[in-house]
Amino acid sequence: MRIFLTGGSGMVGQNLQAHSYARECEVLAPSSRELDLTDQQAVLAYIQDNRPDVVIHAAGQVGGIQANMADPVGFLVNNSLMGLHVINSACQAGVRHCVNLASSCMYPRSAPNPLKEEQILTGELEPTNEGYALAKITATRLCQYINRMHDEVQYLTLIPCNLYGHHDSFDPAHSHMIPAVIRKIHEAREQGAETVEIWGDGEARREFMYAEDLADCVFEVIAQVKAGEPVPDLMNVGLGTDYSINEYYQAIAGVVGYMGRFEHDLSKPVGMRQKLIDSSRVNALGWHAKTPLDDGIAKTYQFFLEEAK
Ligand SMILES: NC(=O)c1ccc[n+]([C@@H]2O[C@H](COP(=O)([O-])OP(=O)(O)OC[C@H]3O[C@@H](n4cnc5c(N)ncnc54)[C@H](OP(=O)(O)O)[C@@H]3O)[C@@H](O)[C@H]2O)c1
Ligand SMILES: C[C@@H]1O[C@H](OP(=O)(O)OP(=O)(O)OC[C@H]2O[C@@H](n3cnc4c(=O)[nH]c(N)nc43)[C@H](O)[C@@H]2O)[C@@H](O)[C@H](O)[C@@H]1O
C-alpha cells in the first residue's frame, strides 16, 4: 500500500514512520522543502504523479499556547491552506482514503467535558488558538462534505488530545507544555535553581497522550477501513484521563529528579480550563491508548537527553 504522509519530519510524522505497519507500506514523506503544502498546484501535481492509496495529513504549523498567540495569522492561513490543498487535491486525484489530523483545541472553550464530536461548532472558540481551531474545523468539514459527495471514498478525521513524545519540539518559543516543562525543570536541576515558574495558577487541566499511541491508532483505523469495517468519519483520540498543570509539573519533577519549589506566574496565559475528550467511538473499534503518563514522560526525557538538547 502506498501512503502519502504529510508532516513526515514532525513529531507525529516520525512516530508514524517508526510504526511497524508503516514498514510494510511504501511511505512517501516529502519535506516542506520538497513539497510546500501551501502551494496548491504543487500538491495536486504530486498526488496525481504518485497516485497514493492513502493520504495521512499530519503536517501543520503547530505549537503551544505561546506560539499560537504570537502568530494567529500564520496558524490560520498556513493550516487552512495545507488542509484545503491536501484534502481537496486528494479528492480531485481520486484518492479513496484519507486520514486528517485535527486537534481537541477546536472544541468550544466552555463546552461541557468530556468533549464529544457532536459538540464541534456549538460555541465560541478559545481565543488563544482560535485561528488554528478554525483551520482544523475547516479541514474537518471538508472531509465530511467529500464523504457525502463521493460514496466511494472515506475521508476520516481523528481529533487527538494534546500530544508529547519522541521528536517533540523543546524550543520554549514554540513547545507545548510537557516538553517545555521537561526542559525548564531539567535546566533548574542542572543549575541548582531553588524554584521553577508555573504558568498561571496550575489548575487548568490537560489530557496529554504519548504520540506513539496516536500513530498506533492511525494505523489501526486504516487497517479496519481497508478490511471494510464500519469506521466513523470523525473520532476523538485520547486516553480518557486528564491532570492539572500542577500535577504535570510534579510528575515531570519526579522523573527529572528535581527537589526544588514551584511559583505560579499568574501573568502567563492558561488557555482552556479543561479539554478532556470522550474517546468512546475509537474505543468501540477496540483501540485504547496504552502508555501511562510516567512511562511517557520518562521516555520523552530520555529522548531530550539524547537528542534534543
Ligand atoms: N503536538 C500536539 O500536541 C498535537 C495535538 C493534537 C493534534 N496535533 C496535530 O498533529 C499533526 C502533527 O503535529 P506535530 O506535533 O507532529 O507537529 P510538528 O512536529 O510541528 O510537525 C509539523 C510538520 O508539518 C510540516 N509542515 C509545516 N509547514 C509545512 C508546509 N508549508 N509544507 C509542508 N510541510 C509543512 C513540517 O515540516 P518541516 O519540518 O519540513 O517544516 C513538519 O513535518 C498536526 O496536524 C497537529 O495539528 C498535534
Ligand atoms: C494541542 C495544542 O494545544 C494548545 O493549547 P494548550 O493545550 O493550552 O497548549 P500548551 O502550550 O500545551 O499549554 C497547556 C497548558 O499548560 C500551561 N503551562 C504551564 N507552564 C507552561 C509552560 O512552561 N509552557 C507551556 N507551553 N504551557 C505551560 C499553559 O498555561 C496551559 O494552561 C493549542 O494552542 C495548540 O493549537 C494545540 O491545539
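Residues numbered from 1 in each chain as written. Chains lettered and ligands numbered in written order. Predicted model: local features only at pLDDT ≥ 70, side-chain atom pairs only at ≥ 80, totals over all residues. Heavy atoms only, no water.

Engineer: Please set out unusual backbone geometry residue by residue, giving values where relevant.
Structural biologist: The omega angle of the peptide bond from Asn113 to Pro114 is -5°, so this bond is cis rather than trans. With respect to the secondary-structure elements, Pro114 resides in the loop between strand S4 (97-101) and helix H6 (130-149). Although it is not a glycine, Leu121 sits at a positive phi angle of roughly 65°. With respect to the helices and strands, the residue Leu121 is situated in the loop between S4 and H6. (Helix = DSSP H or I, 4+ residues; strand = E, 2+ residues; numbered from the N terminus.)

Engineer: Which residues make up the UniProt feature "site: Important for catalytic activity" (unreviewed entry) in the protein, and what values go with them?
Structural biologist: Under the present numbering, the feature "site: Important for catalytic activity" (unreviewed entry) in UniProt falls on Ser103 and Cys105. Structurally, Ser103 is set in the loop between S4 and H6. Contact partners of Ser103, with chain neighbours within four places excluded, come to Tyr132, Lys136, Ile159 and Pro160. When you line up the elements, Cys105 lands in the loop between S4 and H6. Cys105 sits in the buried class, given a relative accessible area of 2%. Here Cys105 is in contact with Asn129, Tyr132, Ala133 and Lys275, once residues within four sequence places are set aside. (UniProt positions renumbered as here; feature names shortened; annotations may be inferred. Contact = heavy atoms within 4.5 Å. Buried < 20%, exposed > 50% of the residue type's maximum accessible area, 1.4 Å probe, protein only.)

Engineer: Account for the site of ligand 2, with residues named and values stated.
Structural biologist: Near ligand 2 you find 24 residues, and of these Asn162, Arg206, Tyr249, Pro269 and Val270 are the closest. The contact in question runs from an oxygen atom of ligand 2 to an N or O atom on the side chain of Asn129, over 3.5 Å. One of the backbone nitrogen or oxygen atoms of Met177 is found 3.0 Å away from an oxygen atom of ligand 2. Protein chains shield 97% of the accessible area of ligand 2, which is 700 Å² for the free molecule. Of all elements in the fold, only helix H4 (65-70), helix H7 (177-191) and helix H9 (245-256) reach the threshold of two or more residues within the shell around ligand 2. Here the residues of the shell around ligand 2 are counted per class, giving 12 nonpolar, nine polar and three charged. (Near = heavy atom within 4 Å. Polar contact = N/O pair within 3.5 Å; in protein donor to acceptor, adjacent residues only side chain to side chain. Areas by Shrake-Rupley, 256 points an atom, 1.4 Å probe, with all protein chains shown as cover. Nonpolar A, V, L, I, M, F, W, Y, C, P; charged D, E, K, R; others polar.)

Engineer: Which residues make up the pattern of salt bridges, and what are the values?
Structural biologist: Scanning the model with the defined rule gives 13 salt bridges in all. Salt-bridge contacts for Glu197 lead to Lys268; the nearest nitrogen and oxygen are separated by 3.4 Å. Placement of the pair is Glu197 in strand S7 (residues 195-199) and Lys268 in the loop between strand S12 (261-265) and helix H10 (280-283), with a sequence separation of 71 residues. We classify Lys268 as partly exposed; its relative accessible area is 27%. Ionic pairing is found between Arg205 and Asp242, a salt bridge with its closest N-O pair at 3.1 Å. Of this pair, Arg205 sits in strand S8 (residues 205-206) while Asp242 sits in the loop between strand S10 (234-237) and strand S11 (243-244), and the two are 37 residues apart along the sequence. One connected set of salt bridges, linked through shared partners, spans Arg109, Glu124 and Glu126. (Salt bridge = Lys/Arg side-chain N within 4 Å of Asp/Glu carboxyl O.)

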